[in-house]
Every structure is written in C-alpha cells, then in structure tokens.
Amino acid sequence: MTRHSSADDESLIAALRLACGHDPVPGHVTAAARAVFGLRLPGAATARPVAVPAPSGVRSAERAGLLRFGAGGLTVELDVDSSGGLVDLAGRVSPHPGPDARVEVRTPDLTEVRELSPTGQFAVVGLPGGWLSVVCHRPGLAPVATSWTLVRPG
Amino acid sequence: MVDQHTIEAVLAGDQAAWDVLVRRFTPVIWAAVRAYGLSPADASDTVQGTWLRLLESLHTIRDPDRIGSWLFTTARREAVLLLRRSRGERLTADPAEPGGPGGAEHTADPAAAVLTADEGRRLWRAVETMDEPCRSLFRLMATAPDAGVRQLAGRLGMPAGSYGPTRRRCLDRLRSVLALQEAAS
C-alpha cells in the first residue's frame with residue numbers, strides 16, 4: 001500500500017484528481033508522448049547542462065539565453081534569442097569536431113541540419129518554441145546530443 | 001503493470017512497447033504536473049519533456065517497477081523548473097537531476113505514481129469522513145482543475161485570501177486521517 005499520509009501537497013492533489021478522473025489527458029498530449037519515441041538516438045551520448053558563469057558586473061538575467069552542455073569531450077554552447085514569436089539559435093561546438101562533422105537542431109516536429117563553420121559555429125532561425133536538442137555527428141564517433149531543453153520566444 | 005518484456009522491447013526499438021508505457025503512465029504524469037497549477041499548455045510541454053527525459057535515460061533502465069516513480073519524480077521536477085522560469089529565474093543551472101530509472105534513490109514510491117483503483121477509492125472515502133469546508137474544497141479542487149483561486153474561494157463562500165491557508169490545513173487533516181487508516185491496516 002502506498003503511504004499517502006507522508007505525501008507532499010502536490011502528490012496528494014495529483015492522487016485525488018487521478019482517482020476522480022475529471023481531468024483526463026488531452027489526446028494531443030498522448031499523441032505527442034508516443035511520437036517522442038521517433039526521436040531516440042541509440043548510442044548517442046547525452047550532453048548535460050553545465051553552469052555558465054555570468055561575467056562580473058553583468059546581471060545573470062541578461063545571460064539567461066546562454067546555455068552550455070558537455071559530454072564526450074565536446075562542449076556545445078547555445079545562445080537562444082527570439083524574434084517575431086519564433087526562436088533563433090546561434091551555437092558553437094568546441095573543440096571543433098573535424099571537417100566532416102555536422103549538427104542537427106531537432107525539435108519534436110522538425111530537424112534542421114547545419115555544417116559547422118571553421119570556428120565551430122552554426123545558426124538556425126525561425127524555430128517554433130518548445131523542446132529542442134542539438135546533435136553533433138562526428139565520423140567514427142558516437143553522436144553527442146544536448147539534453148532536451150525547453151525554449152520559448154521571449 | 002509494466003513487465004521486463006516491455007522494457008526489453010522498448011530498448012530494442014519497439015514503438016508498440018513504448019506506447020504501452022505511454023498509456024500506462026501519461027495519466028499519472030499529467031496529474032502530477034497539473035497539481036502544480038500548470039495551464040493545459042504548460043502541462044502539455046512538461047509531459048512531452050518528461051517522455052523526452054526518459055528517452056535520454058533509456059539505456060539506464062533496469063527495473064520496470066521503478067519507471068513509474070522515476071517518471072513521476074521527473075515530471076514534478078520539470079513542472080517546478082517551468083514555474084521557476086515563468087518567474088524569470090535562470091534555467092541553465094538545473095537543480096540536481098534524478099538519476100536514471102534504475103537509480104537506487106527511487107525506491108520510495110511517490111503517492112500517485114502507483115495509485116491503484118482501490119487506493120483511489122480509499123483516498124476519497126477518507127475525504128468523505130472530513131468536515132466542511134475540507135470535503136467541498138477537495139471535491140471542487142478535483143472536479144474543476146482549471147478554476148482559479150478566486151473562483152474556488154467564491155464557490156466555497158470564503159475570501160480569496162483564505163483559500164490557500166484553508167487548502168493547506170485541509171491537506172494536513174487528510175494526511176492525519178490517512179495516517180490513522182494506515183496505522184490500523
């Protein structure tokens with residue numbers, strides 16, 4: 001038996017609502033959950049977020065769009081901006097993974113492929129708000145995928 | 001429940017097995033994030049994000065019995081992060097992430113993660129033994145998930161500022177009733 005007597009407020013509210021059945025899952029939510037499986041990348045290393053130190057004298061909120069991820073010896077930096085209700089993404093992979101490397105910017109609904117510049121940079125504009133992951137494909141090595149991140153136009 | 005065969009099929013890339021997980025756990029995840037007061041749109045993003053997290057951690061799956069509580073914990077964490085973001089806090093320095101679904105830290109099942117129909121009925125029977133305004137408050141809270149505090153307070157005949165403290169007191173009382181029942185069983 002589950003010990004509801006030690007549950008926190010939100011767990012207890014969730015259990016009461018679940019048992020009562022008045023807030024069913026919308027069909028599109030279930031459909032989106034099913035479609036997530038199509039995004040799996042067997043063998044990929046997941047790059048987890050690492051803290052980005054705010055430069056001294058700059059308020060942290062001003063760097064809120066800068067994200068950094070690391071795995072497999074690679075660092076992926078993403079600068080998220082928005083315009084016209086859409087998301088613009090500028091990124092950099094370092095160290096440069098080599099001339100044949102490419103990145104995929106993935107959302108649950110679309111994938112954009114980009115070659116890296118000689119400095120390891122790439123950009124995609126006009127993405128819809130939502131979950132986003134950047135995958136770096138390197139010949140002969142496992143791909144590195146940034147942990148899924150929710151981005152929304154400001 | 002989810003068995004080892006389903007997990008192995010998911011790991012082998014079987015969409016139908018993944019759909020079994022989705023059918024089994026999406027209602028729990030949805031309830032978990034809605035309990036934080038997320039709108040349907042925010043809750044939709046959070047549920048999708050929770051499944052994406054499982055996808056990232058698939059290779060760590062060992063024990064099918066722990067997937068439910070892992071998803072529940074992950075969904076709650078994503079809901080809290082979204083609430084913090086909406087208050088303008090930074091999102092880059094994530095709080096500690098839960099380990100993979102095979103992690104040892106998820107041995108304790110969160111209350112709703114493995115809720116059975118019997119336990120759901122027992123919960124509501126406990127509510128029915130409570131005095132007002134708690135009984136009506138819980139019924140309203142469960143049947144009108146998108147009602148605002150002002151609306152809920154109005155229907156309970158109390159000032160909007162009293163709703164939060166009253167809800168806290170009622171939840172504490174419900175826990176006490178449940179503790180007595182658990183001690184007696």
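Here is what the cut-offs are and how they apply
- Residues numbered from 1 in each chain as written.
- Chains lettered and ligands numbered in written order.
- Predicted model: local features only at pLDDT ≥ 70, side-chain atom pairs only at ≥ 80, totals over all residues.
- Axes fitted to C-alpha atoms, helices over the stretch in contact; angles between N-to-C directions.
- Helix = DSSP H or I, 4+ residues; strand = E, 2+ residues; numbered from the N terminus.
- Parallel < 35°, antiparallel > 145°, perpendicular 65-115°, else oblique.
- Left-handed = near helix turned anticlockwise from the far one by under 90°.
- Contact = placed C-beta atoms within 7 Å.
- Nonpolar A, V, L, I, M, F, W, Y, C, P; charged D, E, K, R; others polar.
- Domains from an automatic or database assignment.
- pLDDT = per-residue confidence, 0-100.

**Some words on the packing of helix α2 (residues 27-35) of chain A against helix α2 (residues 15-34) of chain B**
Working step 1: Orientation of α2(A) relative to α2(B), taken along the N-to-C sense of each, is 135 degrees, at an axis distance of 10 Å. Classified by the interaxial angle, the pair formed by α2(A) and α2(B) is oblique. Here α2(A) and α2(B) pass one another in a crossing that is right-handed. Residue-level inspection shows Val29(A), Thr30(A), Ala33(A) and Arg34(A) of α2(A) in contact with α2(B), the latter providing Trp18(B), Asp19(B), Val22(B), Thr26(B) and Trp30(B).
Working step 2: Classifying every residue of the contact of α2(A) with α2(B) gives five nonpolar, two polar and two charged.

**Description of the environment of Gly65(A)**
All names here are of chain A.
Working step 1: Note on placement: Gly65 falls in the loop between β1 (45-50) and β2 (66-71).
Working step 2: When the C-alpha positions of Gly65 and Leu78 are compared, they lie 7.9 Å apart, and in sequence the two are 13 residues distant.
Working step 3: Discounting residues that sit within four places of it in the chain, Gly65 has contacts with Asp79, Val80 and Asp81.

**Focus on the domain arrangement of chain B**
Working step 1: Splitting chain B by domain gives domain 1 (4-88) and domain 2 (110-184).
Working step 2: Each of domain 1 of chain B and domain 2 of chain B was reduced to a C-alpha centroid, and the two centroids are 25 Å apart.

**Some points on the packing of helix α7 (residues 149-156) of chain B against helix α8 (residues 160-184) of chain B**
All names here are of chain B.
Working step 1: In the contact formed by α7 and α8, the axes pass within 8 Å of each other and the chain directions differ by 85 degrees. On the basis of their axis angle, the class for α7 and α8 is roughly perpendicular. Within the contact between the two elements, α7 uses Val149, Arg150, Leu152 and Ala153 and α8 uses Ala160, Ser162 and Tyr163.

**Regarding unusual backbone geometry**
Working step 1: Residue Ser94(A) is joined to Pro95(A) through a cis peptide bond whose omega torsion reads -10 degrees.
Working step 2: Relative to the helices and strands, Pro95(A) is located in the loop between β4 (86-94) and β5 (102-106).

**Let's talk about the confidence of the model for chain A**
Working step 1: Put simply, chain A has an average pLDDT of 89, and 91% of its residues get 70 or more.
Working step 2: When pLDDT is averaged over each helix and strand of chain A, the minimum, 90, is found for helix α1 (residues 9-20) of chain A and the maximum, 98, for α2(A).

**Topic: the environment of Ala101(A)**
Residue and element names in this part refer to chain A.
Working step 1: Position of Ala101 among the secondary structure elements: in the loop between β4 and β5.
Working step 2: Expressed as a C-alpha distance, the spacing of Ala101 and Arg138, which sit 37 residues apart in the sequence, is 4.8 Å.
Working step 3: For Ala101, the contacting residues outside a window of four places in its chain are Leu116, Cys136, His137 and Arg138.

**Focus on the domain arrangement of chain A**
Working step 1: Under the domain assignment, chain A is made up of domain 1 (6-37) and domain 2 (45-55 + 62-151).
Working step 2: For domain 1 of chain A versus domain 2 of chain A, the separation of C-alpha centres amounts to 31 Å.

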